[in-house]
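Survey of secondary and tertiary structure
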Amino acid sequence: MILMICFEKVRYLREEQELTQKEVGNILGVDHSTYAGWERGRDLFPLKHLLILADFYKVSLDYITNLSSIRTYKNLKMELNKDLTVQRIREVRKENHYTQIKLAETLNTSHSAISDYERGNRIPPLIILYQLSQLFHVSIDYLLGKTDLKYLEKELEHI
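Cut-offs applied
Residues numbered from 1 in each chain as written. Predicted model: local features only at pLDDT ≥ 70, side-chain atom pairs only at ≥ 80, totals over all residues. Heavy atoms only, no water. Core = buried A, V, L, I, M, F, W, Y, C linked by side-chain atoms within 4.5 Å. Buried < 20%, exposed > 50% of the residue type's maximum accessible area, 1.4 Å probe, protein only. Contact = heavy atoms within 4.5 Å. Axes fitted to C-alpha atoms, helices over the stretch in contact; angles between N-to-C directions. Helix = DSSP H or I, 4+ residues; strand = E, 2+ residues; numbered from the N terminus. Parallel < 35°, antiparallel > 145°, perpendicular 65-115°, else oblique. Nonpolar A, V, L, I, M, F, W, Y, C, P; charged D, E, K, R; others polar. Phe/Tyr/Trp six-rings, centres within 6.5 Å; stacked < 30°, edge-to-face > 60°. Arc of directions from axis to C-beta. pLDDT = per-residue confidence, 0-100. Left-handed = near helix turned anticlockwise from the far one by under 90°. Patch = residues over 30% accessible without salt bridge, like charges linked within 9 Å, V, L, I, M, F, W, Y side chains within 5 Å. Areas by Shrake-Rupley, 256 points an atom, 1.4 Å probe, with all protein chains shown as cover. Salt bridge = Lys/Arg side-chain N within 4 Å of Asp/Glu carboxyl O.

With that settled, the discussion passes to the nonpolar core. Ranked by internal contacts, the top residues of the largest apolar core, which has 45 residues, are Y35, L50 and L53. Setting aside chain neighbours within four positions, we find Y35 in contact with V10, R14, Q21, V24, G25, L28, V30, F45 and L53.

This is the structure in structure tokens:
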């Protein structure tokens, strides 16, 4: 599902800017065929490249993943904040009374992966961020420290 969402939205954004796949590939520093595979839905966008596109198009990751119909948030930061990401993933897990083990089982991943995300050893891939957002009703951009707007359903009150 997320694969379809991302490729449809990034294609729409590219066409809106009247860019070719080759031009966007150049922006991302990848070969045209690599970008084309992402946009056509053959492969999942790596988070680092989707962050570049979100910044380039000046939209939120919530918009790209169809978690929000609002293109951007007030004071949206251009870069993710690794320290806040660590803190916020742990925070939403604990607020919702999940252990690392329970969260790992729910997301169909390993306990060590959740532990790595919460220690800052690695940033979760987009699919995990999307699942966290769906599970806890929080913004992907919030989880990554790009906005302080936490809950998706309250977004309109703060724009």
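This paragraph deals with the packing of helix α2 (residues 21-28) against helix α4 (residues 47-57). At a closest axis distance of 10 Å, the pairing of α2 and α4 adopts a crossing angle of 110°. Accordingly, the angle class assigned to the pair α2 and α4 is roughly perpendicular. When α2 is examined against α4, the residues V24, I27 and L28 are found in contact with a partner set consisting of H49, I52, L53, F56 and Y57. Looking at side-chain class alone, the contact of α2 with α4 contains 7 nonpolar, 1 polar and no charged residues.

Per the counting criterion, the structure on display carries 4 aromatic pairs. Look at Y35 and F45: their rings are 6.2 Å apart centre to centre, the planes differ by 70°, and that puts the pair in the edge-to-face class. Of this pair, Y35 sits in helix α3 (residues 32-39) while F45 sits in the loop between α3 and α4; the two residues are 10 residues apart in sequence, bridging distant segments of the chain. Judged by relative accessible area, Y35 falls into the buried class, the value being 0%. Taken together, a centroid distance of 5.3 Å and an interplanar angle of 40° make the contact between W38 and F45 tilted. Here W38 falls in the buried class, since its relative accessible area comes to 7%. Taken together through their ring pairs, the aromatic side chains of Y35, W38 and F45 make up a single cluster.

Right, let's talk about α2 for a bit. For α2, the full list of buried residues reads Q21, V24, G25 and L28. Buried residues along α2 cover an arc of 105° about the axis, so they all sit on one side. Opposite its buried face, α2 presents the exposed residues K22 and N26, each directed more than 90 degrees away.

Looking at the chain as a whole, its pLDDT mean stands at 90, while 92% of the residues score no less than 70. This model gives residues 154-159 a pLDDT under 50, and the stretch forms 10 contacts once residues within four places in sequence are excluded.

Let's shift gears to the packing of helix α7 (residues 100-107) against helix α8 (residues 111-119). Packed helices, taken two at a time, are described by their axes: the angle between them and the distance between them. Close contact between α7 and α8 brings their axes to 8 Å; oriented N to C, the two are set at 115°. The orientation of α7 relative to α8 falls into the category roughly perpendicular. For the crossing formed where α7 meets α8, the hand is right-handed. Residues Q100, I101, L103, A104 and L107 of α7 form the contact with α8, whose participating residues are H111, I114, S115 and E118. Here the residues of the contact of α7 with α8 sort into 5 nonpolar, 3 polar and 1 charged.

Nonpolar side chains collect at one region of the surface, where I27, I52 and F56 lie side by side and expose about 230 Å² of accessible area between them. Using a relative accessible area of 37% as the deciding quantity, one classes F56 as partly exposed.

So, about the pattern of salt bridges. Counted by the stated rule, this structure contains 12 salt bridges. In this structure, the salt-bridge partner of E39 is R14, at a minimum N-O distance of 2.7 Å. Placement of the pair is E39 in helix α3 and R14 in helix α1 (residues 2-16), with a sequence separation of 25 residues. Each member of the pair E39 and R14 is classed as buried. For R90, the salt bridge goes to E118, with nearest N and O atoms at 3.8 Å. Separated by 28 residues along the polypeptide, R90 in helix α6 (residues 82-95) and E118 in helix α8 bring together distant segments of the chain. For R90, a relative accessible area of 30% gives the class partly exposed. A cluster of three or more residues bridged by salt bridges with shared partners is formed by R14, E15 and E39.

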